[in-house]
Amino acid sequence: EPVPFVMELPNYRLPSAKSVGQLIWEKAKDFIQKAFTIIFAATLIVWFLQNFDAGLNLVASTDQSLLAQIGSIVAPLGFGDWRVSTALITGFMAKESVVSTLTVLLGGNTALLQDLFTPFTAYVFLIFTLLYTPCVAAIATVRREMGTVRAAAGIVAVQCATAWIVAFAVHGVGMMLGL
């Protein structure tokens, strides 16, 4: 008597080292190209905004630049410097660009990080950075999966609000404890 459901499975084989190596190389190459492109573009945009004002005139000090004006609008959670806020804004393109933005804005001088962050504010900064929206590519994926821009924007808003509330709570507790 015939069996009502027959499913034939292919023979499973251990992949060869060559095919695994090729797959790893292709995936790594694609990631590096995409990440480099995004980070490079973000770095160029930050450089341009850092060196020009609203009239597209070269500025003598970065404190007078377009980037400083944009960054001074967003000053969350005790990050008193516009460079930190600006790094968070560029993190929307890719989280990796937060580091490159700080590097460009500080001129590669990592000793200035001690002026921008205490260990506690660095902790709050990391919490905020880890919790807010991942990147433009993730937002595009959410939009494609959800079907509407409105749903994607809602998710981004919830993620950013969650990051701000959690970081604000940590900052508040730390201030009460004198950190």
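Everything here concerns the structure above.
Fair warning: this is a prediction, and the values are worked out from it, not measured in the lab. (Residues numbered from 1 in each chain as written. Predicted model: local features only at pLDDT ≥ 70, side-chain atom pairs only at ≥ 80, totals over all residues. Heavy atoms only, no water.)

**Brief notes about the overall build of the protein chain**
- Of regular secondary structure, the protein chain possesses 8 helices and 0 strands.
- When its helices and strands are written in sequence order, the protein chain yields α-α-α-α-α-α-α-α.
- Relative to its length of 179 residues, the protein chain is extended, with a C-alpha radius of gyration of 23 Å against a globular reference of 16 Å.
- C-alpha extents for the protein chain along the principal axes are approximately 85 × 40 × 35 Å.
- A total of 179 residues make up the protein chain; the buried ones form 30% of that total.
- Counting contacts in the protein chain only where the partners sit at least 6 residues apart, residues at least 24 apart contribute 53% of the total.
- Carbon and sulfur atoms form 69% of the exposed surface of the protein chain, whose accessible area is close to 12,000 Å².
- Both charge centroids of the protein chain, one from 10 positive and one from 10 negative side chains, sit 6 Å from each other. (Helix = DSSP H or I, 4+ residues; strand = E, 2+ residues; numbered from the N terminus. Rg over C-alpha atoms; globule rule 2.2 N^0.38 Å. Buried < 20%, exposed > 50% of the residue type's maximum accessible area, 1.4 Å probe, protein only. Contact = heavy atoms within 4.5 Å. Areas by Shrake-Rupley, 256 points an atom, 1.4 Å probe, with all protein chains shown as cover. Lys, Arg positive; Asp, Glu negative; His and termini not counted. Charge placed at Lys NZ, Arg CZ, Asp CG, Glu CD.)

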